[in-house]
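Listed below, chain by chain, are the residues.
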Amino acid sequence: ARALLSLGMEEGRYQEYGKELRAFADFYESHQELNQAISNPAFTLEDRKEILKAVLARTATSQTIRNFLNLLLDKNRIISLGEISAFYEQLTDEVSNIVRAEVVVSRPLAVEAEGRLGKALEQMTAKKVRMSVRQDRSIIGGIIVKIGDLVVDGSVKAQVQGIKESLKRGE
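Residues numbered from 1 in each chain as written. Predicted model: local features only at pLDDT ≥ 70, side-chain atom pairs only at ≥ 80, totals over all residues. Heavy atoms only, no water.

1. Remarks on the overall build of the protein chain
Helix and strand counts for the protein chain stand at eight helices and four strands. Counting from the amino terminus, helix and strand elements in the protein chain follow one another as α-α-α-α-α-α-β-α-β-β-β-α. For 171 residues, the compact-globule estimate of 2.2 N^0.38 gives 16 Å, and the C-alpha radius of gyration of the protein chain, at 22 Å, exceeds that figure by more than 25%. Taken over the C-alpha atoms alone, the protein chain extends approximately 70 × 35 × 30 Å along its principal axes. Going through the 171 residues of the protein chain one by one, you find that 32% of them count as buried. For the protein chain, long-range pairs separated by at least 24 residues make up 62% of all intrachain contacts whose partners lie at least 6 apart in sequence. As displayed, the protein chain has an accessible area near 10,900 Å², and 53% of this comes from carbon and sulfur atoms. The centroid of the 25 positive side-chain charges in the protein chain is displaced by 4 Å from the centroid of its 24 negative side-chain charges. (Helix = DSSP H or I, 4+ residues; strand = E, 2+ residues; numbered from the N terminus. Rg over C-alpha atoms; globule rule 2.2 N^0.38 Å. Buried < 20%, exposed > 50% of the residue type's maximum accessible area, 1.4 Å probe, protein only. Contact = heavy atoms within 4.5 Å. Areas by Shrake-Rupley, 256 points an atom, 1.4 Å probe, with all protein chains shown as cover. Lys, Arg positive; Asp, Glu negative; His and termini not counted. Charge placed at Lys NZ, Arg CZ, Asp CG, Glu CD.)

2. Structural notes on the sheet that holds strand β2 (residues 128-135)
Strands sit in the order β2-β1-β3-β4 across an open sheet of four strands; the sheet is mixed. Strands with a single pairing partner mark the edges of an open sheet, and in this sheet they are β2 and β4 (150-153). The sheet shows a mean angle of 15 degrees between the axes of neighbouring strands, direction not considered. (Pairing = 2+ DSSP bridges. Axes fitted to C-alpha atoms, helices over the stretch in contact; angles between N-to-C directions.)

3. As for the pairing of β4
Relative to β4, strand β3 (residues 143-147) is paired through four bridges, and the arrangement is antiparallel. Across the sheet, I144 pairs through a bridge with D153, a residue of β4. Counting the residues in the hairpin turn of β3 and β4 gives two residues, including G148, whose phi is positive at 60 degrees.

4. Some thoughts on the pairing of β3
For strand β1 (residues 98-105) and β3, the ladder comprises five bridges, and the chain directions are antiparallel. Bridge pairing in β3 links A101 to I147.

5. Some points on the packing of aromatic side chains
Centre distance and the angle of the planes are the two values used to describe a pair of aromatic rings. In this structure the tally under the stated criterion is two aromatic pairs. With a centroid separation of 6.3 Å and an interplanar angle of 45 degrees, the aromatic rings of F24 and F27 are classed as tilted. A residue pair is termed a helical-turn pair when its members lie 3 or 4 positions apart in one helix, as F24 and F27 do in helix α2 (residues 14-30) at three residues. Between the aromatic rings of F24 and Y28, the centroid separation amounts to 6.5 Å while the plane-to-plane angle is 20 degrees, which identifies the pairing as stacked. With F24 and Y28 both in helix α2 and four residues apart, this pair spans about one turn of that helix. As far as burial versus exposure is concerned, F24 and Y28 are alike and both buried. Site record: aromatic cluster; members linked through ring pairs are F24, F27 and Y28. (Phe/Tyr/Trp six-rings, centres within 6.5 Å; stacked < 30°, edge-to-face > 60°.)

6. Brief notes about the environment of S80
For S80, the position within the fold is in the loop between α5 (63-74) and α6 (81-95). S80 sits 41 residues away from S39 along the chain, and the two C-alpha atoms are 9.8 Å apart.

7. Thoughts on the packing of helix α1 (residues 2-11) against α6
Axis angle and axis distance: for two packed helices, these are the angle between their axes and the distance between the axes, and together they describe the pair. As a packed pair, α1 and α6 sit with axes 9 Å apart at the nearest point and diverge in direction by 45 degrees. Relative to α6, α1 is oriented oblique. The hand of the α1/α6 crossing is right-handed. For the pair α1 and α6, the contacting residues are R2, L4, L5 and M9 in the first and F87, Y88, L91, T92 and V95 in the second. Looking at the contact of α1 with α6 residue by residue, the classes come out as seven nonpolar, one polar and one charged. (Parallel < 35°, antiparallel > 145°, perpendicular 65-115°, else oblique. Left-handed = near helix turned anticlockwise from the far one by under 90°. Nonpolar A, V, L, I, M, F, W, Y, C, P; charged D, E, K, R; others polar.)

Everything listed here is a matter of geometry and, on its own, says nothing about what the molecule does.
Shown next, in the form of structure tokens:
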């Protein structure tokens, strides 16, 4: 992933390569027959390369990504394509000064509130923020934000838990 990013940055196409890699990784993971045919060592490497070549011939994948996928096949690493693609996305985020935030809410956020939250997180981190918002009714109310190792838990559930702990300690 690092080598591909380096090459992509030299060519000014690292984001395009990331999209192509993610698209093929998703395709590979969603088609079990292809997954088995390409990653199964019971087939010869030449046969597996021919299968990969035939699949890639029907796509608009760049030559660089084709070469990268063939290299993964040669090194018997094609089975890790999903993880490699995810790591590549992390690397491109770092290069592009982007952080990913996971936001957990008890009920759906209004579009306006989501926008304000995104702007606040960008000010807090001094980076562009990509948010993924998911709903979890068990937090009762409030919000939980996870950015990397930082977790800000403003949920009602956490506050109730804190009060419960205080009462146990006799405070």
